[in-house]
Structures are given as structure tokens and as C-alpha cells.
Amino acid sequence: MTSLAYVDALCALEHPYRADDACDRLFDAAMLELTLYHCENTPGYYPWLKAGGFDVQKLEKLNDWSHLPPIFANYFKHQLLLSTSGRDALELTSSGTTGQKSRMRYDARSISAAQNMVERIFEYYGWNTPQQPCNYLLLSYEPAGAITLGTAYTDQYLCKYAPVAQVCYALRHNGRGNEFDPFGVIRALQEFAEQGLPVRMLGFPAFLWFALERMREMGLPPIQLHPESLVFLGGGWKTHVDKEIPRSLLYQRLGEQLGIPDERCRDGYGSVEHPVPYVECQNHHFHVPVYARAYIRDTANMAVQSYGKPGFLHLISPYITSSPAHSIVVNDLAVLHPAAECGCGLATDWFELLGRAGTSKSRSCAIAASELIKES
């Protein structure tokens, strides 16, 4: 049985944005360890690698993991890929009641590794405040029964970093499904302002923007939330892409209408196929944590692109034992930048998202959720 000591050591690194030769060597060792694990424990994976020109000897000499054959995230919408440890593991999906779903399984080791990454990043930014209760506005689905939707699972998990005083959901369960409740969101924000506790807003940005717009349309005056409130967004606009606004404008309006400072407004990037957290720095750039590597691939020939050139986003992280999802090409187009082009002080590369590739019928959580925004 393949040892996973290097994988464990990488996922346990305390500084989420550490960058040095020792980290690079540890990452390489962990990727080899994890890839060999899947060769032994995931049916069909080693024959697939061999068909792509890789055997164990070639893997052992690899030090550029962009050469490891990736799996396209869309494939998980059609096939459940499991190792032996994924057979009875937690299953999460990528969309709500409509559309194609990616199905992923996470054994205890894998989900713990991903959550540890989130914990290190929240601690790094000072967002882990166990002594400070907060009110929560969850811009996601009100749960009814077991939580299997990836975004809802994440939002519930993120509530652990500050004690919960009160929770409001933007997508209320109505007995048949979920629907967006802008008036409930506005009422909750007004009550939270009166109570004076910090407020944490987690989830889809479109719902927050539509609530701010509704407040303005109704002529409601700005409210002042606690200055230690935190907005941590994730997901996109999808079917409301014609109404999508720059994040900078959303952050500006959060300051104007809710009194939230710009540095307390952050976006997060991730997916059910690859839940490694990519979190905006103070300059609002998605830096790659020490637990992962990012590459950009040409949309025509899949060649690895240099800094500054657009292409498919290719993400690699050796955290997951339940599925061979350690090298994933996602549906998003992006541009990779060196750390120095940011100026925030973090030492790792960062990427700029350019949008979803293609016009296919593949759908994500944000697509399904955005359809719940009524134009009434």
C-alpha cells in the first residue's frame, strides 16, 4: 500500500501562501505519492495513464505536474470516478434541482484536507473568531433534509469560524423547492444592524446585488453593519450574465449601503470537483495556496501557456484519495500572473478569471440558483 506521509505533510502546512524550494519538493513528493495511490486503488486509472504514455518509472521522474494527464471537470457530470476509499464516502453534487450534476465522493481524509486548507486561510486573514458571535446571511439554499449540494455544504461549514447568533437564508425552502426572498434578506439586514453584532454574508453574489438593488429601488436609506462584518462570496451569475456587474462595483455598493469596508469583501473560487479554496487577497486577486498549483492551457491545443495568456484553468492538488481528481481542467477561462504583479505581499501566483468557456448546456450551482431570482 502506498504511503501518504508526504500528502499529509503538505496538507498540514500552516502558512497557506508559503513559497520556497522546500515546499516545491514536498509538493512534488506528495503528487507522486497520491498519483501512485490512485494507480493502486482506483480501477482503470493506471491503464488510462499508460494509454497517455505514463508508467510508474516516468511518474517517478516527473517534476512538472502540468504533464500529468488531467481530467476535465465536465467528465464528472457523466461518470462517478471512485477509488476504493470513495465507495461509501460522502457524496456532494454541483447543482440544485435542475441541470446536469457533477457527483463527487469525499472520504474523511479528503474532506478533512480541504477543510484544513480553508481553516489555514481563515486563520491567516484573521477570520477565525471563536469568541465573537455573528449573525449570518447565507446567500444560498435553505436546507431541507440532508445537505448534499456542494455550495450549501460549504456555506454551512464556513459558519464554524464564528459562533452563530442568527441565520437568514436568501433561498427559502417553500415545500416544493427554493425561491429567492429579497424582502426577507432586507429585513434581516435591518434587524442585524439594530442588533449590532458582526454579520457574515456567504454565498452567491447575484443575490446580494439584487437585494442591494431592491433596497435602492425602494428608497431605503443605507444601514451601518458592524465594521468587522465579512462578505465572503462564491459562484457566478450564469443565466443573469446580462446583469452581472464587476466585483469592484458590488464591493463599492456594499460600502455605501451596508457600511462594509472593501478589505472585508472577498470572493472565493472553487467547485465541487475541486474544493481547494482560492480566496481573494486584499487586492482582490485569487492567489494559489501552497497546497495547489495552477496552469493555463491553450483552448485549441491544450499546450501550457505562459503568464499573461488566456486559456483553460488547470488546477492540481494532491489532497484527494477518494477520486482521481488531483489534476482537473475546469470550464473557466483564466490568465495566470506572477506574485509580484499583485503587490499584496503574498508569494504565490494568482489568476484572473475571464468567464465560463463555451456555450454548452452544462450547468453549475450558480446557474440553477440564479434562475430562482424573479424579475417581479
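Scroll up to find the structure.
This report concerns the structure included in the present document. All figures in this text were calculated on a predicted structure; none of them were measured in a lab.

**A look at the packing of aromatic side chains**
- Inspection of the entire model under this criterion finds 17 aromatic pairs.
- When the ring of Tyr157 is compared with that of Tyr161, the centres are 5.8 Å apart and the planes differ by 85°; the resulting orientation is edge-to-face.
- By relative accessible area, Tyr157 is classed as buried at 16%.
- For the ring pair Phe180 and Phe207, a centre distance of 5.0 Å and an interplane angle of 45° mean the geometry is tilted. Note that Phe180 is positioned in strand β6 (residues 178-180) and Phe207 in helix α8 (residues 205-217), a separation of 27 residues in sequence. Across the pair, exposure class does not vary: Phe180 and Phe207 are buried alike.
- An aromatic cluster is present here, built from Tyr17, Phe122, Tyr124, Tyr125, Trp127, Tyr157, Tyr161 and Phe232 joined pairwise through their rings.
- Here the basic side chain of Lys58 rests over the ring of Phe54, its NZ or CZ set 4.5 Å away from the ring centre.

**Focus: the pairing of strand β15 (residues 350-356)**
- Here strand β11 (residues 286-287) runs beside β15; their pairing, made up of 2 bridges, is antiparallel. If you follow Phe286 over to β15, its bridge partner there is Phe351.

**Notes on the pattern of salt bridges**
- On inspection of all chains with the given rule, the structure shows 12 salt bridges.
- For Glu123, the salt bridge is made with Arg120, and the minimal N-O distance between the two is 3.6 Å. You can see Glu123 and its partner Arg120 sitting in helix α5 (residues 108-124), 3 residues apart, about one turn around the helix.
- Among the residues examined, Glu123 registers a relative accessible area of 38% and is labelled partly exposed.
- Arg120 sits in the buried class, given a relative accessible area of 16%.
- With a closest N to O distance of 3.4 Å, Arg247 and Asp267 form a salt bridge. One end of the pair, Arg247, is in helix α9 (residues 247-258); the other, Asp267, is in strand β9 (residues 265-269), and 20 residues separate them in sequence.
- Assessed through its relative accessible area of 33%, Arg247 is described here as partly exposed.
- A relative accessible area of 9% places Asp267 in the buried class.
- Here the salt bridges do not stand alone but share partners, grouping Glu91, Arg103 and Arg105 into one network.

**Concerning the sheet that holds β6**
- Spatial strand order, β6-β5-β4-β7-β8-β9-β10: 7 strands in an open sheet with mixed pairing. Both outer strands of the open sheet, β6 and β10 (278-279), are each paired with one neighbouring strand and no more.
- For strand β7 (residues 199-203) and strand β8 (residues 230-234), the ladder comprises 4 bridges, and the chain directions are parallel. Bridged to Gly203 within β8 is Leu233.
- Lying on the sheet, α8 is in contact with β4 (134-141), β5 (164-173), β6, β7 and β8; it crosses β8 at an angle near 125°.

**Digging into the environment of Asp181**
- Note that Asp181 resides in the loop between β6 and α7 (182-195).
- Owing to a relative accessible area of 21%, Asp181 belongs among the partly exposed residues under this scheme.
- If sequence neighbours within four positions are ignored, Asp181 has contacts with Ala170 and Arg172.

**Quick notes on the environment of Cys344**
- Mapped onto the elements of the fold, Cys344 is located in the loop between β14 (327-337) and β15.
- Exposure remark for Cys344: the relative accessible area of 18% places this residue in the buried category.
- Distance in space between the C-alpha atoms of Cys344 and Asn283 is 6.3 Å, their sequence separation being 61 residues.
- Discounting chain neighbours no more than four positions away, the residues touching Cys344 are Cys281, Gln282, Asn283 and His287.

Conventions adopted
Residues numbered from 1 in each chain as written. Predicted model: local features only at pLDDT ≥ 70, side-chain atom pairs only at ≥ 80, totals over all residues. Heavy atoms only, no water. Phe/Tyr/Trp six-rings, centres within 6.5 Å; stacked < 30°, edge-to-face > 60°. Buried < 20%, exposed > 50% of the residue type's maximum accessible area, 1.4 Å probe, protein only. Helix = DSSP H or I, 4+ residues; strand = E, 2+ residues; numbered from the N terminus. Lys NZ or Arg CZ within 6 Å of the ring centre and 35° of its normal. Pairing = 2+ DSSP bridges. Salt bridge = Lys/Arg side-chain N within 4 Å of Asp/Glu carboxyl O. Contact = heavy atoms within 4.5 Å. Axes fitted to C-alpha atoms, helices over the stretch in contact; angles between N-to-C directions.

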